[in-house]
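Chain residues, written in single-letter form:
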Amino acid sequence: MTANTQTNSAGGEFPADLLVQLDRSRPRSLRVQLERGLRKSIARGSLPPGTALPPSRVLAAELDVSRSLVVGAYEQLVIEGYLEARQGSGTRVRAQGLRGDGTGDGSADYEPSGAGPAPATRDGGIRRSGLPDPALFPRSEWLRHYRDVLRDIPDDRLLYPHARGEPELRAALTAYLGRVRGVRTTPDQIVVCGGFSQAVTLLCRALGRRGVTRVAVEDPCFSLYRRIIRSTGLEPVPVPVDGQGLRTARLAGLDVGAVLLSPAHSYPSGAVLSADRRVQLLEWARAADALVIEDDYDAELRYDRLPVGALQGLDPDHVIYGGTVSKVLSPALRLGWIAAPPRLTGDIARAKFLEDFATEALGQLTLARFIESGAFARHLRRVRPVYRARRDSLLAALRTHLPSVRPSGEAAGLHLLLRLPPGLAPATVAAAAARHGVQLEQAARYWADRDAAPPALLIGYGPQRESVLARCIEALGTELRGLTRP
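Cut-off values and rules
- Residues numbered from 1 in each chain as written.
- Predicted model: local features only at pLDDT ≥ 70, side-chain atom pairs only at ≥ 80, totals over all residues.
- Heavy atoms only, no water.
- Helix = DSSP H or I, 4+ residues; strand = E, 2+ residues; numbered from the N terminus.
- Buried < 20%, exposed > 50% of the residue type's maximum accessible area, 1.4 Å probe, protein only.
- Contact = heavy atoms within 4.5 Å.
- Pairing = 2+ DSSP bridges.
- Right-handed = clockwise from strand over helix to strand, strands pointing away.
- Axes fitted to C-alpha atoms, helices over the stretch in contact; angles between N-to-C directions.
- Left-handed = near helix turned anticlockwise from the far one by under 90°.
- Nonpolar A, V, L, I, M, F, W, Y, C, P; charged D, E, K, R; others polar.
- Patch = residues over 30% accessible without salt bridge, like charges linked within 9 Å, V, L, I, M, F, W, Y side chains within 5 Å.
- Areas by Shrake-Rupley, 256 points an atom, 1.4 Å probe, with all protein chains shown as cover.
- Salt bridge = Lys/Arg side-chain N within 4 Å of Asp/Glu carboxyl O.

## Quick notes on the environment of Leu380
Part 1 of the reasoning: Topologically, Leu380 is positioned in helix α11 (residues 375-401).
Part 2 of the reasoning: You can call Leu380 buried: its relative accessible area is 3%.
Part 3 of the reasoning: Taking the C-alpha atoms as reference points, Leu380 and Glu300, separated by 80 residues in sequence, lie 7.9 Å from one another.
Part 4 of the reasoning: Leaving out residues up to four positions away in the same chain, Leu380 has contacts with Tyr176, Glu300, Leu301 and Val328.

## Observations concerning the pairing of strand β10 (residues 291-295)
Part 1 of the reasoning: Summarising burial for β10: five of the five residues are buried, a large majority.
Part 2 of the reasoning: By the alternation rule, side chains of β10 split into Leu291, Ile293 and Asp295 and Val292 and Glu294, which are all buried.
Part 3 of the reasoning: The sheet contact formed by strand β9 (residues 258-261) and β10 spans four bridges and is parallel. When the bridges of β10 are listed, Ala258 appears paired with Leu291.
Part 4 of the reasoning: The handedness of the β9 to β10 crossover, carried by helix α8 (residues 275-288), is right-handed.
Part 5 of the reasoning: Examined bridge by bridge, β10 and strand β11 (residues 319-324) share four bridges and lie parallel to one another. The residue of β11 that forms the bridge with Ile293 is Ile320.

## Let's talk about the packing of helix α4 (residues 139-152) against helix α10 (residues 361-372)
Part 1 of the reasoning: With their axes 9 Å apart at the nearest point, α4 and α10 run at an angle of 115 degrees to one another. The handedness of the crossing between α4 and α10 is right-handed. Taking contact as the criterion, the partners of Glu141, Trp142, His145, Tyr146, Asp148, Val149, Leu150, Arg151 and Asp152 in α4 are, on α10, Leu362, Gly363, Leu365, Thr366, Leu367, Arg369 and Phe370.
Part 2 of the reasoning: Residues belonging to the contact of α4 with α10 are distributed by class as follows: eight nonpolar, three polar and five charged.

## Some points on a nonpolar patch on the surface
Part 1 of the reasoning: Together, Tyr160, Phe353, Leu354 and Phe357 make up an exposed nonpolar region whose accessible area comes to about 500 Å².
Part 2 of the reasoning: Among the residues examined, Leu354 registers a relative accessible area of 68% and is labelled exposed.

## A short note on the sheet that holds strand β15 (residues 440-442)
Part 1 of the reasoning: Spatially, β13-β14-β16-β15 is the arrangement adopted by the four strands of the open sheet, whose pairing is antiparallel. The open sheet is flanked by β13 (406-408) and β15, the only strands paired with a single partner. Each strand of the sheet is rotated relative to its neighbour by a mean of 30 degrees, with strand direction disregarded.
Part 2 of the reasoning: Here three bridges tie β15 to strand β16 (residues 456-460), and the two strands are oriented antiparallel to one another. From the neighbouring strand, Gln442 faces β16, where its bridge partner is Leu457.

Now the structure itself:
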């Protein structure tokens, strides 16, 4: 594909911009490079809606890669909502795809300049079923970067921090999120905050200033979010979640100015928002002039396929992106961020200033160096297989010793939702599990109407070694069989 256009097998043409220049000298995989290049072409308008992509065998030949690599990249972008594949018509850019200024802002290319143990118990009851293993925190490398910050920081930086966040961290996040999550933002659009729970507080205050009174939330969802929304004077409106994620068709009948959801891995169900619903959600936001608040929960701890790209990349004008290091590093750091459309960042920064003035600076500067040095990516590569092995051990033990229990949400994260069969009460199972060293959490608290919740429990596998999980589940299964035996 060296000419300006090339004719495809259907007789049409596709632009040369589709050709992604793959750099085989770079450590990033060729498939990741291809996916990123296609996203950028769609975002910039080089591949407008409806454009037919070349058959996988044609593009594979042009790029001198395997056909399976191209097929995998196409499938990933179909899941993310950038492409659609229909029998007989090939793969095309979605007719209702990316929105924004149509040109992109180049932020994905922005690079900052030089500038087992026992389960955790001190969690205050916050997401007990989804905690990381504190023993995996990279203490030595974090301490090295922290010392470097203390050594290099000038005296005049040891005063009040920036309300929006330290410039170095906002620059590092812009580059990292654009490269890894497909987020389209700039350092000026990012506000650093104390974890995603504070992000929800700031967003609700900012939205309230703009006249929003009701915010849709997933049902079930992390129940603290409903409490936070109410505490800011807004009303949370529950919307059911099924196997394809939030039931987006319900939004059209609701008088809400925003919706808060976790499209990559909903908590606690583990559902991933389907490609069709991702598109439907953005169509609703545009038509209603509403906002989508994306909690990128568990997105990077995905085990059976590449992480689903951030929803924000499809429409940065209507999606507010939120992230945190609480799952990947530690919730003790209390570091999160918001990437919002420019029209909202001033209100969010003002809310942050009035809330607590600013987030602690030394931790921000340490995280910036941690990301820029590649330590963050290395840490992810180290912990993913550890958590995957623990998940696999738990699933195997459940299949063997508790076959009537149906787990879900296993594709990502650090927890499973366990749906119980008739005759097993959640309280009874949780009490039995505690006797064998397994901490199970009753899931009903996450439904808006607890009486309508199915009989289910949550189990976290992050802090538990595989042998401990297997042994405890085996003992639990033995006890429960005794309880249910006539």
